[in-house]
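An overview of the molecular structure
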Amino acid sequence: NAGVTQTPKFRILKIGQSMTLQCTQDMNHNYMYWYRQDPGMGLKLIYYSVGAGITDKGEVPNGYNVSRSTTEDFPLRLELAAPSQTSVYFCASSYSLEPTGRGTDTQYFGPGTRLTVL
Amino acid sequence: GENVEQHPSTLSVQEGDSAVIKCTYSDSASNYFPWYKQELGKRPQLIIDIRSNVGEKKDQRIAVTLNKTAKHFSLHITETQPEDSAVYFCAASLSGGGADGLTFGKGTHLIIQP
């Protein structure tokens with residue numbers, strides 16, 4: 001099991017450029033998440049998904065989009081990069097036993113993508 | 001939404017001593033409280049978690065306590081070792097294991113002095 005993988009590891013973007021951060025998990029987890037971590041801060045939730053075809057906004061969704069066409073993949077799209085989006089992005093996944101989410105297991109994090117927007 | 005406050009931001013202890021990190025949360029409906037350890041440049045890794053139907057949980061040198069009435073929970077590390085040096089984050093969730101995501105504190109940089 002590779003767990004949660006993310007690509008790329010590092011990326012520098014110019015203001016206004018677009019990119020997609022890739023996230024894949026091979027644990028057959030139904031829940032997936034995107035967080036961002038600014039220097040010296042905790043993680044903030046951007047978007048999450050409870051299953052293929054279902055996504056929802058987290059605390060800081062502005063400037064981002066997601067899709068979930070398969071159980072394994074949960075890409076994060078930045079359409080018009082801004083300096084405020086300079087951060088480390090972590091993808092995570094977990095498994096829920098019930099539709100309500102109760103009994104959901106540990107969130108496993110990917111290695112992160114360090115993004116700089118200049 | 002939920003708000004999690006974490007203290008202190010930096011904690012320096014002598015090797016072998018105990019360390020305590022405290023967190024408070026705002027939403028009384030929150031029912032899942034994990035603690036993550038993050039080493040420099042690495043991903044967060046779960047070290048222990050507690051659910052609202054339990055007051056205390058222990059795993060070797062690490063323990064977590066939860067006071068639902070006061071809405072606070074704490075991480076206790078005993079007999080600290082150099083490898084315990086890292087940033088520790090508490091988090092809270094409204095839905096069991098965090099089905100709708102986790103709300104994190106800002107982190108505590110734990111420094112173990114030799």
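Computed from a prediction, not measured in an experiment: that's the story for all the values here.

For the rest of this paragraph, the subject is the sheet that holds strand β3 (residues 19-25) of chain A. All names here are of chain A. Strand order in the open sheet made by the 4 strands is β1-β3-β8-β7, with antiparallel pairing throughout. Here the strands that pair on one side only, and so sit at the sheet edges, are β1 (4-7) and β7 (64-66). With strand direction ignored, the average angle separating the axes of adjacent strands in the sheet is 20°. Two strands pair when backbone bridges link them, and β7 and strand β8 (residues 76-78) are joined in this way by 3 bridges, in the antiparallel orientation. Looking across to β8, one finds that Val66 is bridged to Leu76.

Residues and elements named next belong to chain A. Evaluation of the coordinates by the stated rule reveals 2 disulfides over all chains. Disulfide pairing places Cys23 opposite Cys91 at an S-S distance of 1.8 Å. Sign of the S-S torsion, about -70° for the bond between Cys23 and Cys91, identifies this disulfide as left-handed. With Cys23 in strand β3 and Cys91 in strand β9 (residues 87-94), this pair connects stretches of sequence that are 68 residues apart. Here Cys23 and Cys91 have matching classes, each one buried.

Cut-offs applied
- Residues numbered from 1 in each chain as written.
- Chains lettered and ligands numbered in written order.
- Predicted model: local features only at pLDDT ≥ 70, side-chain atom pairs only at ≥ 80, totals over all residues.
- Heavy atoms only, no water.
- Pairing = 2+ DSSP bridges.
- Helix = DSSP H or I, 4+ residues; strand = E, 2+ residues; numbered from the N terminus.
- Axes fitted to C-alpha atoms, helices over the stretch in contact; angles between N-to-C directions.
- Disulfide = S-S within 2.5 Å.
- Buried < 20%, exposed > 50% of the residue type's maximum accessible area, 1.4 Å probe, protein only.

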